[in-house]
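Listed here are the chains, written in short residue letters.
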Amino acid sequence: GGSAGSDSETGSLEEDQEVRKPFKEDVHEGKTLFIRGIPFDADEDELSEVLTQFGALRYCRLVTNPATRMCRGSAFVQFFSPSSVQACLQASSTEHSKGIHYGGRRLDVTMAMSKQEVKQFEEQKHPKKQVDKRNLFLSKEGAILPDSDAARDLSKTDMAKRMKVRPLVSQYHLCEKFVSITKITHYVPPHT
């Protein structure tokens, strides 16, 4: 009994790996849908059965967490026919029907986007901000410029020392150094 069970387990693993072969990007064909709202305990075969009412499927792939192999709540589905895609989209639209349900949940069905379109969408949604990972903004903290109000209260020798150190501070921007946000340092120029 034990060896037969291990043979069937090996067979299912090989089948699972065969099913998981990566597909070339086929979104441009207009036959691929992205589906959200899928239960985390979903099964590809069951989801396929629900969606075959709109036409024959080329594939149905759940988006899974690589560590747990559990569904992340979304899937990619490709139909053989664009008319099947339109029928599925129309059925999922709340304007035309009650939607498509699976596992007690209403599915949110949209056209799939290419990786490049997703990247552009994310960049528009969350524009990249210049992040100062080296905390260089702190190198300007407390800087007193010669023409400022604060400079009038300083002695000429103190201002001269500050101006002498200023080029050294600007070197932080050119090299790989960083300014610590947890350590306070005091630079004492060498006596000359």
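Above this note sits the structure.
Below is a summary of the structure that appears in this document. (Residues numbered from 1 in each chain as written. Predicted model: local features only at pLDDT ≥ 70, side-chain atom pairs only at ≥ 80, totals over all residues. Heavy atoms only, no water.)

To continue, consider the packing of aromatic side chains. Centre distance and the angle of the planes are the two values used to describe a pair of aromatic rings. Applying the stated rule across the entire model yields one aromatic pair. Aromatic side chains F34 and F76 sit 5.0 Å apart centroid to centroid with 50° between the ring planes, which places their arrangement in the tilted category. Residue F34 is located in strand 1 (residues 32–36), and its partner F76 is located in strand 3 (residues 71–79); the two are separated by 42 residues in the primary sequence. Owing to a relative accessible area of 17%, F34 belongs among the buried residues under this scheme. Classification of F76 as partly exposed rests on a relative accessible area of 31%. (Phe/Tyr/Trp six-rings, centres within 6.5 Å; stacked < 30°, edge-to-face > 60°. Helix = DSSP H or I, 4+ residues; strand = E, 2+ residues; numbered from the N terminus. Buried < 20%, exposed > 50% of the residue type's maximum accessible area, 1.4 Å probe, protein only.)

Here we take up the sheet that holds strand 1. One open sheet holds the five strands; their spatial order is 2-3-1-5-4, and the pairing between them is antiparallel. Strands with a single pairing partner mark the edges of an open sheet, and in this sheet they are strand 2 (57–64) and strand 4 (100–102). On average, each strand axis in the sheet is inclined to that of its neighbour by 30°, with strand direction left out of account. Strands in contact with helix 2 (residues 44–51) are strand 1, strand 2, strand 3, strand 4 and strand 5 (105–111); relative to strand 2, the strand with the most contacts, it is inclined by about 135°. Running at roughly 135° to strand 5, helix 3 (residues 82–92) makes contact with strand 1, strand 3, strand 4 and strand 5 of the sheet. (Pairing = 2+ DSSP bridges. Axes fitted to C-alpha atoms, helices over the stretch in contact; angles between N-to-C directions. Contact = heavy atoms within 4.5 Å.)

Here we take up a negative patch on the surface. The grouping of D41, D43, D45, E46 and E49 at the surface amounts to a negative patch. Relative to the elements of secondary structure, D43 occurs in the loop between strand 1 and helix 2. (Patch = residues over 30% accessible without salt bridge, like charges linked within 9 Å, V, L, I, M, F, W, Y side chains within 5 Å. Areas by Shrake-Rupley, 256 points an atom, 1.4 Å probe, with all protein chains shown as cover. Salt bridge = Lys/Arg side-chain N within 4 Å of Asp/Glu carboxyl O. Lys, Arg positive; Asp, Glu negative; His and termini not counted. Charge placed at Lys NZ, Arg CZ, Asp CG, Glu CD.)

Where strand 2 and strand 3 come together, seven bridges link them in antiparallel fashion. Directly across from C60, in strand 3, lies its bridge partner V77. Linkage of strand 2 to strand 3, two consecutive antiparallel strands, is achieved through a turn of six residues, within which R69 is found at a positive phi near 60°.

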